[in-house]
Amino acid sequence: MRPIGVFDSGVGGLTVVAALRRRLPRESIVYLGDTARLPYGTKSAATVARYTASNVEFLLDRDVRAVVVACNTASALALDTLEAPVPLWGVVEPGADLAARTSRGRVGIVATESTIASGAYSRALLARRDDLEIVAQSCPLFVPLVEEGWCDDPITRQIAERYLEPLLAAEIDTLVLGCTHYPLLAPLLQEIVGPEIRLVDSAEAVAEVVARELEPEAASGSPGVAAHRLFVTDGAARFERLADWILGERGTPLELVDVASAERR
């Protein structure tokens, strides 16, 4: 069976891969981490759209039967510009849908600068519930901290407390983790906000949607063992260490590729 394609700017999208593997264990997955051009969250919309198009083209060249844009920034800024011959999902709409269904009325959003500036989550939430009160906070330091592997570090805690202060002051009841890197900080963030505030993981939300829409096709396919391929555009050694942790296995094989050179041709 043809694989599912997934891409992100770095290692964070592997939280989507892990969620997909739990829900669809027989599905093969091709993952691209565009680590050479990380982070996307501080780039212009035009740049993110260009990167996104080249990443999707890379996955289509690997004969994927569906694509998950496992990057909130790309989902917010570039998803509407894409045309693909296969099903295509971003992470903003599934995350907003879950938050709108479960919130008691006050939703906080943490995401990259570009995602917050786009207003994508606020629009998606209000389209589902116009009674929601929404507080958004950009957290530009979270992605590099996760990529460094500092998910449970005193420095990360101090930064997270500073970012979350205005959201807690607004008495939110739900916190949307609007970047697929952020679920790796979930234990720390939950400690800071307390047990009464629900964290909404966009990675789990999009995996639920993909599983629901692809499962009938998966069930009709012939049984087999899933075969996964992980591609990165730079920093393979560090990516491998984090991939082992996120996916819960050691010696994750990586393939180094140059997506940017293909874009220039």
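Whatever comes next refers back to the structure up there.
Presented here is an overview of the structure given in this document. (Residues numbered from 1 in each chain as written. Predicted model: local features only at pLDDT ≥ 70, side-chain atom pairs only at ≥ 80, totals over all residues. Heavy atoms only, no water.)

### Points about the overall build of the chain
Counted only if it meets this: Where helices and strands are cited, they refer to DSSP runs of H or I of at least four residues and of E of at least two residues respectively, numbered from the N terminus. In this setup the radius of gyration rests on C-alpha atoms only. A globule is expected at 2.2 Å times the number of residues raised to 0.38. Each residue gets one of three labels from its accessible area relative to the maximum for its type: buried under 20%, exposed over 50%, partly exposed in between, using a 1.4 Å probe on protein chains only. Throughout, a contact is declared for two residues whenever any of their heavy atoms are within 4.5 Å. Per-residue accessibility takes into account occlusion by the displayed protein chains alone, with areas from the Shrake-Rupley method and a 1.4 Å probe.
Secondary structure summary: the chain contains twelve helices and ten strands in total. In terms of overall size, the chain behaves like a compact globule, its C-alpha atoms giving a radius of gyration of 18 Å where 265 residues would be expected to give roughly 18 Å. Across its three principal directions, the C-alpha atoms of the chain cover 50 × 35 × 35 Å. Among the 265 residues that make up the chain, the fraction classed as buried is 55%. Counted over contacts in the chain with a minimum sequence separation of 6, partners at least 24 positions apart contribute 76%. Element-wise, carbon and sulfur atoms account for 50% of the exposed surface of the chain, whose accessible area totals about 11600 Å².

### Brief notes about the sheet that holds strand β4 (residues 88–89)
Applied cut-off: The pairing criterion for strands is at least two bridges between them, as found by DSSP. Axis lines are fitted to C-alpha atoms, over the contacting stretch for helices. Their N-to-C directions set the angle, which ranges from 0 to 180 degrees.
Pairing within the open sheet is parallel, and its six strands lie in the order β4-β3-β1-β2-β9-β10. Both outer strands of the open sheet, β4 and β10 (254–256), are each paired with one neighbouring strand and no more. Relative to β4, strand β3 (residues 66–69) is paired through two bridges, and the arrangement is parallel. Residue pairing in the sheet places Val68 in a bridge with Trp89 of β4. Helix α1 (residues 14–23) rests against β1 (4–8), β2 (29–33), β3 and β9 (229–232) of the sheet, and its axis sits at about 170 degrees to β2. Taken strand by strand, helix α2 (residues 45–61) contacts β1, β2, β3 and β9, and its axis lies near 150 degrees from that of β1.

### A word on the environment of Leu82
Mapped onto the elements, Leu82 comes out in the loop between α3 (72–77) and β4. C-alpha separation for the pair Leu82 and Ser114, spaced 32 residues apart in sequence, amounts to 18 Å. Setting aside anything within four residues of it in sequence, one finds Leu82 in contact with Thr52, Ala53, Val56, Val69 and Leu88.

### Structural notes on the sheet that holds strand β5 (residues 106–111)
Spatially, four strands are ordered β6-β5-β7-β8 in an open sheet, and the strand pairing comes out parallel. Edge positions in the sheet fall to β6 (133–138) and β8 (198–201), since each has one partner strand and no second. In this sheet, adjacent strand axes meet at a mean angle of 20 degrees when their direction is disregarded. By the bridge criterion, four bridges tie strand β7 (residues 174–177) to β8 in an arrangement that is parallel. Among the inter-strand pairings, Leu175 is bridged to a residue of β8, identified as Leu199.

### Considering the packing of helix α4 (residues 92–102) against helix α6 (residues 120–128)
Operational definition: Roughly parallel means an angle under 35 degrees; roughly antiparallel means over 145; roughly perpendicular covers 65 to 115; every other angle is labelled oblique. Take the far helix as your reference; a near helix turned counterclockwise from it by less than a right angle gives a left-handed crossing, and one turned clockwise gives a right-handed crossing. Note on residue categories: nonpolar means Ala, Val, Leu, Ile, Met, Phe, Trp, Tyr, Cys or Pro, charged means Asp, Glu, Lys or Arg, and polar means any other residue, Gly included.
Put simply, α4 and α6 touch, their axes get as near as 9 Å, and they point 45 degrees apart. With respect to each other, α4 and α6 are oriented oblique. In the packing of α4 onto α6, the handedness of the crossing is right-handed. In contact with Val92, Glu93, Gly95, Ala96, Asp97, Ala99 and Ala100 of α4, α6 contributes Ala120, Tyr121, Ala124, Leu125 and Arg128. Broken down by class, the residue content of the contact of α4 with α6 amounts to eight nonpolar, one polar and three charged.

Distances and angles like these do not, on their own, reveal function.
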